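# Tertiary structure, described
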Amino acid sequence: MRLGVMCSGNGTNFENIVRTCRDDEVVIMIHNKEKCGAAKRADKFGIPHTHIKSKNEDLIIDVMNAWKVDLIVLAGWMRIISPKLIEAFPNRIINLHPSMLPKYKGLHAIERALESGDDKTGVSVHYVNEELDGGEVILQEEVPILPYDDVESLTKAIQRQEYAILPLAIQHVKHQLQT
Ligand code: GAR
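Residues numbered from 1 in each chain as written. Predicted model: local features only at pLDDT ≥ 70, side-chain atom pairs only at ≥ 80, totals over all residues. Heavy atoms only, no water.

With that out of the way, let us pick up the overall build of the protein. A count of helical and extended segments in the protein gives 6 helices and 7 strands. Here the protein has a C-alpha radius of gyration of 16 Å; the compact-globule value for 179 residues is 16 Å, and the two agree. Taken along its principal axes, the extent of the C-alpha atoms in the protein is 50 × 35 × 30 Å. Evaluated residue by residue, the protein yields a buried proportion of 47% over its 179 residues. A separation of at least 24 residues holds for 63% of the contacts in the protein among residues at least 6 apart in sequence. Total accessible area on the protein stands at roughly 9400 Å², and carbon and sulfur atoms take up 51% of it. Counting 21 positive and 25 negative side-chain charges, the protein places the averaged centre of each group 6 Å from the other. (Helix = DSSP H or I, 4+ residues; strand = E, 2+ residues; numbered from the N terminus. Rg over C-alpha atoms; globule rule 2.2 N^0.38 Å. Buried < 20%, exposed > 50% of the residue type's maximum accessible area, 1.4 Å probe, protein only. Contact = heavy atoms within 4.5 Å. Areas by Shrake-Rupley, 256 points an atom, 1.4 Å probe, with all protein chains shown as cover. Lys, Arg positive; Asp, Glu negative; His and termini not counted. Charge placed at Lys NZ, Arg CZ, Asp CG, Glu CD.)

With that out of the way, let us pick up the site of the ligand. The local shell around the ligand consists of N10, G11, T12, N13, G76, M78, L96, H97, P98, Q159 and E162. Here a nitrogen atom of the ligand and a side-chain polar atom of H97 are 3.4 Å apart. Take Q159: an N or O atom from its side chain is 3.1 Å from an oxygen atom of the ligand. Relative to its unbound accessible surface of 450 Å², the ligand loses 87% to contact with the protein. Secondary structure elements with two or more residues in the shell around the ligand: helix 1 (12-20), strand 5 (93-97) and helix 6 (151-178). Tallied by class, residues from the shell around the ligand come to 3 nonpolar, 7 polar and 1 charged. (Near = heavy atom within 4 Å. Polar contact = N/O pair within 3.5 Å; in protein donor to acceptor, adjacent residues only side chain to side chain. Nonpolar A, V, L, I, M, F, W, Y, C, P; charged D, E, K, R; others polar.)

One can find M29 in strand 2 (residues 25-31). Residue classification places M29 among the buried residues on the basis of a relative accessible area of 0%. Apart from residues no more than four positions distant in its own chain, M29 is found in contact with V5, C7, F14, A38, A39, A42, P48, H49 and T50.

Moving on to the side chain of R41. Relative to the helices and strands, R41 is located in helix 2 (residues 37-45). Only 2.7 Å separates the side chain of R41 from the side chain of E15, close enough to count as a polar contact. Those residues in contact with R41 that lie beyond four places of it in its chain are N10, G11, T12, F14 and E15.

For helix 1, the buried fraction is high: 7 of the 9 residues fall into the buried class. If you check which residues of helix 1 are buried, you get T12, N13, F14, E15, N16, I17 and V18. Structurally, helix 1 contributes buried residues whose contacts are with strand 1 (2-7), strand 2, helix 2, strand 4 (71-74), strand 5 and helix 6.

Let us look at the pattern of salt bridges. The final tally for this structure, using the stated rule, is 8 salt bridges. Among the ionic pairs, R41 bridges to E15, the shortest N-O distance being 2.7 Å. Here R41, found in helix 2, pairs with E15, found in helix 1; they are 26 residues apart in sequence, far enough to count as distant. A salt bridge links E15 to K44, with the nearest nitrogen and oxygen atoms 3.4 Å apart. Here K44 lies in helix 2 and E15 lies in helix 1, a separation of 29 residues in the sequence. Of the residues examined, K44 reaches a relative accessible area of 54% and is grouped as exposed. Through salt bridges that share partners, E15, R19, R41 and K44 make up one connected network. (Salt bridge = Lys/Arg side-chain N within 4 Å of Asp/Glu carboxyl O.)

This is the structure in structure tokens:
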């Protein structure tokens, strides 16, 4: 599969996809912050990348099509995707979210889980539809919240689980697309 990854930040999940999805190829990475960690990681691995403002979805669609992308992976893309982009890649956009959806949709999911007093949260990968973090869940995994956890330690635990499940979710979607 030809993957197009979209990032807004550090890009650790992007790097993890590049390292682990050996049978698939990240052909392009789009970032909406000019000098972000994801761009530096793309340079390190020689992955083509381009900065596009999130409002400019026509260009995002053109770039993804030009690179003949089969699947778009939102790996820390912190903007809402419009119906136009969703319609251009039906069932071909997936998103990584740091909670056990449907809990804690939207921003600050980790902080809200911590404040809730719950003893567990999780990570989810889901298809993107028009409802924010509301598309069909592909894979999710629980993460315990330990009594001494703070935002930093829980974020680390969540990210460890993200590195495990996002590549698996990509493989799952690949099989779905092939059947
Ligand atoms: C990840 O934890 C991902 O779940 C989250 O952004 C982080 C990106 O980290 N995404 C969202 O919150 C989307 N609503 P990374 O840039 O190091 O991969």
